[in-house]
Amino acid sequence: MGECTCATGTGNKKQDILIPMIGVITDIRTETPDVKTFRVVGRDGKKLFEHMPGQCAMVSVPGVGEAMFSITSSPTNTQFQEFSIKRCGVLTDCLHGMSPGDEVTVRGPYGNAFPVETALKGENLLFIAGGIGLAPLRSVINYVLDKRENYGTVEILYGSRSMEDLVQLKEIQEVWCKTEGVDVYLTIDREQEGWNGHVGFVPSYLKEIGFSTNKTVLVCGPPIMIKFVLSGLMEMGFKREQIYTTLELRMKCGIGKCGRCNIGSKYVCKDGPVFRFDEIDELPPEY
Amino acid sequence: MMYKIDQARLGELFAAIAEKKDLFLPVKKADQTDFALWTKEAEVDLDTLRTVKSPKDCFFPQSETLYNTSLEEGKLSIDAAALCDRDFVVFGMRACDVQAVKVLDNVFLADPVDTYYAARREHAVLVAGACHEPEETCFCKVFGIDAAAPAADVATWRVGEALYWKALTKKGEALSEVVKEHLTPAEESAVEEAQTQIRSIIDKLPYSHLKLDVFKETPMMELFDSDRWEEMYKPCLACGTCTFVCPTCQCYDIRDFKTKDGVQRYRCWDSCMYSDFTMMAHGNMRTSQMQRFRQRFMHKLVYYPDNYEGMFSCVGCGRCVSKCPAALNIVKVIKTMGGEG
């Protein structure tokens, strides 16, 4: 219509939820050849907001783009938020070129979370991740480790293409592997010099280990891995109600209005990203 | 309370409204009628049944700035766009388009509220006109809409030489107060005959008896998996016209525009009919036009009603029916899926 004069009025400036906060990058760790972990705080040096494990946030470089990323740091971290971001497009390419001190915009947190205070409480937990899929699970794993007494056994199965592609390897080796009552299983796709651990894809390693079914499973990774992990778990006797994952779709608003992440009656940004497999079974297969 | 005004004096009524508030109404420009800001020179067109674009962009503009950002010496600043703070009137809306605003309300006013939209809704007064000559493409009746008694802030009817005016809400009454010197009291019964006539025309319209039960009674996945989508979608050109003329389509994109001072982040209408709507770095969840076509209609007829107590996200305005270059539309979908009345 063009002629609307609304926006030219004196206007109050009540902040819309789409208006982001300014985040300062305070640290960038190179995890793999194409994944970096960005530590972000507000200009006041404090954490931007509180979140729960599995929730996401919109990170943006104005003029380049804005996209949804899972928050990889645990809510128990009181100082900052972290995002592990794989370089795979215009925005992520720009982020990878940034340095500590640079500013980005951040809004969130968005979406539901892994039910760490309800359904998962007191349960034995098995985490299965592939590649960058560790990013959302790392938030839960560290949350669980920080509140260890609230959960049963913790087992982590993580695989990547190669040794260099394992995200958060330092934390895995120095913290997770050394925490009592936590079993970590690492694997890489192909034989490699300097690697003494397991070689093979995550789904086949899963079957080799043969986990008992008295636990809840949280799985994140590439769709093809999830597919085979799921059928492996089914063969092992797990029920779909025992298995959680996160869905990833294109998003613009993050609040269930822009329509992009709509599948069936759900909006992944607000009803997800965390879903149980029996819930996913009720959705059209458009993910 | 029913009032009336001589239609020949409507210019005075518009001028009186425009003195206090912005007034949007159907204006003919280059042979096409759309809602536009009233001016003394505007060629007001109340005869055209249906504007090409719906009045949707009075509330949800085709493009609007959300905020501006600038970067100075490595420091970002964010300047939010001002919210609508000026009252405005949308005159001459049809009953279907009024219902469409309710469809949008459900989405934009749900928690968390879209404050840009909410500010416009708060400042808007909806004045609807009854449809005296509904067309063959109209099927609002299917959605329980009464074109003879539009449910806006003010309803109007054009009968003989007069325009009848009845406020239905407090906002409507306040507007009546603003223009009261132009209105004279009238009998409620003055529009009854016209209403009966409108309803009898609508009863005879070819699409008035479509049935929507199939969308309420069939399990979602059965509708989704139907072979009929494959049969139906083929003529679709993926042009997105249906979504742009649709008064209820609310999907949007957020994009950046680089200005000389910084970056303007704006949102604009988008369409689920476009392949890049769902495109991500790691792939696309809807790679075929069949899937995108199915998404649009499943959303309107199944997903939206599932979220909003059975309310459909179609109001039967018929814009897609008349504008689709491939003669594909929601009526065809309803009929093909088993809703032939």
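The preceding data block contains the structure.
Worth saying up front: this structure is predicted, and the values here are computed from it rather than measured.

**Q** Which parts of the structure should I look at to understand the overall build of chain A?
**A** Tallying secondary structure elements over chain A gives seven helices and 15 strands in all. Taken over C-alpha atoms, the radius of gyration comes to 20 Å for chain A, in line with the 19 Å a tight globule of 287 residues would show. Its C-alpha atoms give chain A principal-axis dimensions of about 65 × 40 × 35 Å. Every one of the 287 residues in chain A was classed for burial, and the buried ones make up 48%. Sequence-distant contacts in chain A: of pairs separated by 6 or more residues, those separated by 24 or more amount to 70%.

**Q** What should I look at first to understand the overall build of chain B in this one?
**A** For chain B, the helix and strand inventory stands at 12 helices and 14 strands. On C-alpha atoms alone, chain B measures out to a radius of gyration of 22 Å, which is about the 20 Å that the 2.2 N^0.38 rule sets for 341 residues. Principal-axis analysis of the C-alpha atoms gives chain B an extent of 65 × 65 × 40 Å. Expressed as a percentage of the 341 residues in chain B, the buried residues total 45%.

**Q** It is not clear to me how the interface of chain A and chain B should be interpreted in this structure. Could you clarify?
**A** Taken together, the contact between chain A and chain B spans 42 residues of the former and 52 residues of the latter. Taken together, the residues of the side of chain A that touches chain B break down into 16 nonpolar, 14 polar and 12 charged.

**Q** Which parts of the structure should I look at to understand the environment of P61 of chain B?
**A** Its place among the elements puts P61 of chain B in the loop between β3 (32–37) and β4 (63–72). Note: C-alpha distance between P61 of chain B and R267 of chain B (206 residues apart in sequence) is 8.9 Å.

**Q** Would you take a moment to explain the sheet that holds strand β12 (residues 263–269) of chain B for this structure?
**A** Sheet strands associate in pairs through backbone hydrogen bonding, adopting either a parallel or an antiparallel arrangement. All names here are of chain B. Pairing is antiparallel across the open sheet formed by four strands, whose spatial order is β5-β4-β12-β11. The sheet is open, and its two borders are formed by β5 (75–80) and β11 (252–258), each paired with just one other strand. Between one strand axis and the next, the sheet turns through 25° on average, direction left out of account. By the bridge criterion, seven bridges tie β11 to β12 in an arrangement that is antiparallel. Its bridge partner being in β12, I254 is matched across the sheet by R267.

**Q** Quick question: what am I supposed to make of the packing of helix α4 (residues 202–209) of chain A against helix α5 (residues 223–235) of chain A here?
**A** Describing two packed helices takes the angle between their axes plus the distance from one axis to the other. Residues and elements named next belong to chain A. Contact geometry for α4 and α5: axes closest at 8 Å, N-to-C directions at 20°. With respect to their mutual orientation, α4 and α5 come out roughly parallel. Note that α4 runs across α5; the crossing there is right-handed. Residue-level inspection shows V202, P203, L206 and K207 of α4 in contact with α5, the latter providing M225, F228, V229 and G232. For the contact of α4 with α5, the per-class residue count stands at six nonpolar, one polar and one charged.

**Q** Looking at this structure, how should I read the pairing of strand β8 (residues 154–160) of chain A?
**A** The side chains of a regular strand alternate, residue by residue, between the two faces of the sheet. Residues and elements named next belong to chain A. With respect to burial, β8 is a largely interior element, six of its seven residues being buried. Bridge count between strand β7 (residues 125–130) and β8: six bridges; the pairing is parallel. Each bridged residue has a counterpart across the sheet, and for A129 the counterpart in β8 is Y158. A crossover connection joins β7 to the parallel β8 through helix α2 (residues 134–146); in handedness this β-α-β unit is right-handed. As paired strands, β8 and strand β9 (residues 182–188) are joined by seven bridges and run parallel to one another. If you follow G159 over to β9, its bridge partner there is T187. Taking the sense of rotation as the criterion, the β-α-β connection linking β8, helix α3 (residues 169–176) and β9 turns out right-handed.

About the thresholds
- Residues numbered from 1 in each chain as written.
- Chains lettered and ligands numbered in written order.
- Predicted model: local features only at pLDDT ≥ 70, side-chain atom pairs only at ≥ 80, totals over all residues.
- Helix = DSSP H or I, 4+ residues; strand = E, 2+ residues; numbered from the N terminus.
- Rg over C-alpha atoms; globule rule 2.2 N^0.38 Å.
- Buried ≥ 20, exposed ≤ 12 C-beta atoms within 10 Å, placed from the backbone.
- Contact = placed C-beta atoms within 7 Å.
- Nonpolar A, V, L, I, M, F, W, Y, C, P; charged D, E, K, R; others polar.
- Pairing = 2+ DSSP bridges.
- Axes fitted to C-alpha atoms, helices over the stretch in contact; angles between N-to-C directions.
- Parallel < 35°, antiparallel > 145°, perpendicular 65-115°, else oblique.
- Left-handed = near helix turned anticlockwise from the far one by under 90°.
- Right-handed = clockwise from strand over helix to strand, strands pointing away.

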